[in-house]
Amino acid sequence: MIVKNVCVGKTQEHSIHGSPVKTAYLKEPQNRPVRVLEHGLEGNEVAVHTDAIYAFAEENYQYWADHLKADRQDWDAGYFAENLTIAGLNESELAVGDVVAIGDSVRLEVSGPRVPCFKLCWRMGLPETFIREFALSGKSGVYFNVLTTGVVQAGDSMRVVSQAEDRVPIMELVQYMFGAKSVERQRLEFILGLDNLSGTSRLLLNNQLYQLIDQEKTNKHRWQGWRDFTVGQIVDETEQVKSFILQAADKEPIAPYRAGQFLTVQLPIQDADSGQPLIRVWSVSDYQNEPNHYRLSIKKEPYGKGSGFMHDTLKVGDKLPIAPPMGRFVLDRSGFKPVLLLGGGIGITPLLAMLKAHIDKGQKAAFIYLIHCCQNRRLQPLRQELDDLARQHNIAMLHIYDQPDDTDKLGVDYDIKGFLHIDHIQELIADSHIIHGGKRIDMPLVEFDIYMCGPPIFQEKTREALITAGANSERIFQESFSATSNANPGGGVQQANVRFTHADSDESVVVEWQAEDNLNLLELAESVGLQPPSACKMGVCQSCSANLLEGKVYYEYSLTHNPPEQQVLLCSAKPDSTDLVIQLRNLSS
């Protein structure tokens, strides 16, 4: 192999899709020797990607020119944003950990495949559906770590000097990341355990791991309809709040749940309106990967018939029919950005579950912050658990009391007297950042995933203040409690008829969707032989966007960017009405 070009780029701001984007994508060839430093080529800047060196095969230029019917001469060296253009580079033969030598001193280690993003399509003037094609082609390039520094220049020879023992081929990673091949959780965990794995690959694969983990929770040990649970313990949290430990009466395993979900409970008292047993929904206030019980922490509401029964009548040993865990207000553990949890009063219950689930990700989890607003320490539920988690895991928390008692001590029991203000949030998150590829990246409020639960007025005012201060409205997720909730067992749509059509054809395909199959709309289309455009299958690239002509959908996982109105991201959406009509951009079978 021969180094044909050495290229570097500087961070610049460009308008992409009408928005300013900082990128060092544009590269210039260097007609001189260039020093290879620990983190990449001297003089080369990066805006987001932190992988040290990107190499691209010279032969790929002609391949893509032929494939796209373009003129090869229009593409200067560095056109694909590579640092090194290599003649003879065959990425299909490389695996993570393979070592190559350039010249006498430079040693580079394969860390992963090129993971293209929308900037590739911007550069080439192509639709973003090209991302997936490029990535899976085997002609997209390779990322390298730097093992030994030195100098590199055009004309240097390059050779493989050692191969990794436990081979994880570059193409295997690409197939996992872009959904061309399914991956077992054990294999994914092994790959993520590789110290030399590209930071970009790790980011995407780690997201997939937590999607796998949380998707497993939606199927494992689930039951249909109602199932009897026995009250194993009742704990007085405050004078207004009790926690109820519920265990399966049949002693069989119970369904795991996603942090933030609720249980639907059938109470042995009559609903005044329907004449049927009263139905209530309450958030699960704890988190376990393999639960042996559920915990509900319930505030007794004035004139609350359901909460009143739970507090005043229910006893240890009593049985309650319960539907499996449900709900869309859930922590997105596939994300990598900081998390802010904002709770008002009893709204702390799903947020405590989210906090524990986030901590469960281990040291690789991003920063998480929690603010709880309530009256005083005497009425603050689950405070001891919050204190224990803050101390054990160094979690930054704020406790804000609007009516502290005489016995409440500022700086001990609470941090602020009064009400939540945006300045309190800004001060709490001032040092927020992530470490990506050894590089600190500051995370301002706009980069946060924010989860809120509490009284409607609390959420309304807080949301308004957050957006005014620069928070991303699409990354603010909310839940509020209502004592009048009377959901159906299990909740949501259990069956739907989905019609897939195409704008340029009268052809259509009708397929039945069943909730128990747990398929998103992309998987449903593929199950009957349709092939809509898709790339990342994670709701990021938006290449699977389609027109929603009739019906409603919901997203089981929170999205990086919400699609435009009347459009749907097939890879992340499920039916939320019994009939849907979806117009695909490409209908083939």
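Values in this document were obtained by computation on a predicted structure and should not be read as measured data. (Residues numbered from 1 in each chain as written. Predicted model: local features only at pLDDT ≥ 70, side-chain atom pairs only at ≥ 80, totals over all residues. Heavy atoms only, no water.)

1. Considerations on the overall build of the protein
Each helix and strand in the protein was counted, giving 12 helices and 34 strands. Expected size for 589 residues packed as a compact globule is a radius of gyration near 25 Å; at 27 Å, the protein falls within 12% of this value. The C-alpha extent of the protein, read off along each of the three principal axes, is 85 × 65 × 45 Å. Looking at the 589 residues of the protein, the share that counts as buried comes to 52%. Taking the intrachain contacts of the protein between residues at least 6 apart in sequence as the baseline, contacts between residues at least 24 apart amount to 70%. (Helix = DSSP H or I, 4+ residues; strand = E, 2+ residues; numbered from the N terminus. Rg over C-alpha atoms; globule rule 2.2 N^0.38 Å. Buried < 20%, exposed > 50% of the residue type's maximum accessible area, 1.4 Å probe, protein only. Contact = heavy atoms within 4.5 Å.)

2. Some points on the nonpolar core
Of all hydrophobic cores here, the largest spans 61 residues; its most connected members are Ile 53, Phe 80, Leu 84, Leu 108, Phe 144 and Leu 205. Non-local contacts of Leu 108, meaning those with residues more than four positions away in its chain, are made with Val 36, Ile 53, Leu 84, Asp 98, Val 99, Val 100, Ile 102, Phe 144, Asn 145, Val 146 and Leu 147. Residues Val 265, Val 284, Ala 357 and Cys 453 belong to the second largest nonpolar core, which totals 48 residues. (Core = buried A, V, L, I, M, F, W, Y, C linked by side-chain atoms within 4.5 Å.)

3. A word on the confidence of the model for the protein
Mean pLDDT over the protein stands at 87; residues scoring 70 or higher make up 92%. Of the regions scoring below 50 in pLDDT, residues 482–491 engages in 20 contacts with residues more than four places distant in sequence or in other chains. (pLDDT = per-residue confidence, 0-100.)

4. Considerations on the pattern of salt bridges
For the coordinates displayed, the defined rule picks out 23 salt bridges. Among the salt bridges present, the one from Glu 290 reaches Lys 220, with a minimum N-O distance of 2.9 Å. Of this pair, Glu 290 sits in the loop between strand S17 (277–283) and strand S18 (294–299) while Lys 220 sits in the loop between helix H6 (199–217) and strand S14 (227–236); the two residues are 70 residues apart in sequence, bridging distant segments of the chain. By relative accessible area, which is 53% here, Glu 290 ends up exposed. Judged by its relative accessible area of 33%, Lys 220 is partly exposed. In this structure, Asp 387 engages Arg 377 in a salt bridge whose closest nitrogen and oxygen atoms are separated by 3.9 Å. One end of the pair, Asp 387, is in helix H9 (residues 383–393); the other, Arg 377, is in the loop between strand S21 (368–374) and H9, and 10 residues separate them in sequence. Judged by relative accessible area, which is 26%, Arg 377 ranks as partly exposed. (Salt bridge = Lys/Arg side-chain N within 4 Å of Asp/Glu carboxyl O.)

5. Some points on the packing of helix H5 (residues 185–192) against H6
Look at H5 against H6: their axes get within 10 Å of each other, and the N-to-C directions meet at 150°. It follows that H5 is roughly antiparallel to H6 by the angle criterion. Pair H5 / H6 crosses with left-handed handedness. Between H5 and H6, the contacting residues are Arg 185, Leu 188, Glu 189, Ile 191 and Leu 192 on the first element and Arg 202, Leu 205, Asn 206, Gln 208, Leu 209, Leu 212, Ile 213 and Glu 216 on the second. Looking at the contact of H5 with H6 residue by residue, the class counts come to seven nonpolar, two polar and four charged. (Axes fitted to C-alpha atoms, helices over the stretch in contact; angles between N-to-C directions. Parallel < 35°, antiparallel > 145°, perpendicular 65-115°, else oblique. Left-handed = near helix turned anticlockwise from the far one by under 90°. Nonpolar A, V, L, I, M, F, W, Y, C, P; charged D, E, K, R; others polar.)

6. Some words on the pairing of strand S19 (residues 319–326)
Extensive coverage of S19 is indicated by the burial of six of its eight residues. Pairing analysis gives four bridges linking S14 to S19, with the strands arranged antiparallel. Looking across to S19, one finds that Arg 227 is bridged to Ile 322. (Pairing = 2+ DSSP bridges.)

7. Regarding unusual backbone geometry
The phi dihedral of Lys 69 falls on the positive side, at around 55°, and the residue is not glycine. Mapped onto the secondary structure, Lys 69 falls in the loop between helix H1 (58–68) and strand S8 (84–87). For Lys 69, a relative accessible area of 76% puts it in the exposed group. One non-glycine residue, Tyr 303, adopts positive backbone phi at about 65°. Take Tyr 303: it is sitting in the loop between S18 and helix H7 (305–312). Accessibility expressed as a relative area gives 87% for Tyr 303, which makes it exposed.

8. With respect to the packing of aromatic side chains
Under the criterion given, the structure shown has 23 aromatic pairs. Taking 6.1 Å as the distance between ring centres and 80° as the angle between the ring planes, the aromatic pair formed by Tyr 257 and Tyr 287 counts as edge-to-face. Of this pair, Tyr 257 sits in the loop between strand S15 (241–248) and strand S16 (262–270) while Tyr 287 sits in the loop between S17 and S18, placing them 30 residues apart in sequence. Tyr 287 sits in the buried class, given a relative accessible area of 9%. Every member of this aromatic cluster is reached through a ring pair, and the members are Tyr 54, Phe 56, Tyr 61, Tyr 63, Trp 64, Trp 75, Tyr 79, Phe 80, Phe 130, Phe 134 and Tyr 143. In this arrangement the basic side chain of Arg 227 is found over the ring face of Trp 223, its NZ or CZ atom lying 5.0 Å from the centre. (Phe/Tyr/Trp six-rings, centres within 6.5 Å; stacked < 30°, edge-to-face > 60°. Lys NZ or Arg CZ within 6 Å of the ring centre and 35° of its normal.)

9. Notes on the sheet that holds strand S1 (residues 2–8)
Across the sheet, which stays open at both edges, the eight strands sit in the order S4-S1-S8-S7-S11-S10-S9-S13 with mixed pairing between neighbours. Where the open sheet ends on each side, the last strands, each with one partner, are strand S4 (28–29) and strand S13 (158–162). Across the sheet, H1 is in contact with S1, strand S7 (53–57) and S8; its angle to S7 comes to roughly 60°.

10. Observations concerning the environment of Pro 268
Relative to the elements of secondary structure, Pro 268 occurs in strand S16. Overall, the relative accessible area of 59% leaves Pro 268 in the exposed class. Sequence separation between Pro 268 and Leu 278 is 10 residues; the distance between their C-alpha atoms is 7.0 Å. Dropping the residues within four chain positions of it, Pro 268 is found in contact with Phe 309 and Leu 320.

11. Comments concerning a negative patch on the surface
Taken together, the side chains of Glu 28, Asp 71, Asp 74 and Asp 76 define an acidic patch exposed on the protein surface. Note that Asp 74 resides in the loop between H1 and S8. (Patch = residues over 30% accessible without salt bridge, like charges linked within 9 Å, V, L, I, M, F, W, Y side chains within 5 Å. Areas by Shrake-Rupley, 256 points an atom, 1.4 Å probe, with all protein chains shown as cover. Lys, Arg positive; Asp, Glu negative; His and termini not counted. Charge placed at Lys NZ, Arg CZ, Asp CG, Glu CD.)

12. Quick notes on the environment of Asn 31
In this fold, Asn 31 is placed in the loop between S4 and strand S5 (34–37). In this structure Asn 31 comes out as exposed when scored by relative accessible area, which is 83%. Sequence-wise, Asn 31 and His 502 are 471 residues apart; in three dimensions their C-alpha atoms are separated by 51 Å.

13. Side note on the environment of Val 265
You can see Val 265 is positioned in strand S16. Under the relative-accessibility criterion, Val 265 is labelled buried at 1%. The spatial distance from the C-alpha of Val 265 to the C-alpha of Leu 549 is 35 Å, given a sequence separation of 284 residues. In this structure, Val 265 is in contact with Trp 226, Leu 278, Ile 279, Arg 280, Trp 282, Leu 296, Leu 320, Pro 321 and Ile 322, ignoring residues within four places of it in sequence.

14. Considering helix H8 (residues 348–359)
Taking 1.5 Å per residue as the helical rise, H8 with its 12 residues ought to reach 16 Å, and the 16 Å between its terminal C-alpha atoms agrees with that figure. Burial analysis of H8 places 11 of its 12 residues in the buried class, the great majority of the element. Here H8 has its buried residues at Ile 348, Thr 349, Pro 350, Leu 351, Leu 352, Ala 353, Met 354, Leu 355, Ala 357, His 358 and Ile 359. (Expected span 1.5 Å × (residues − 1).)

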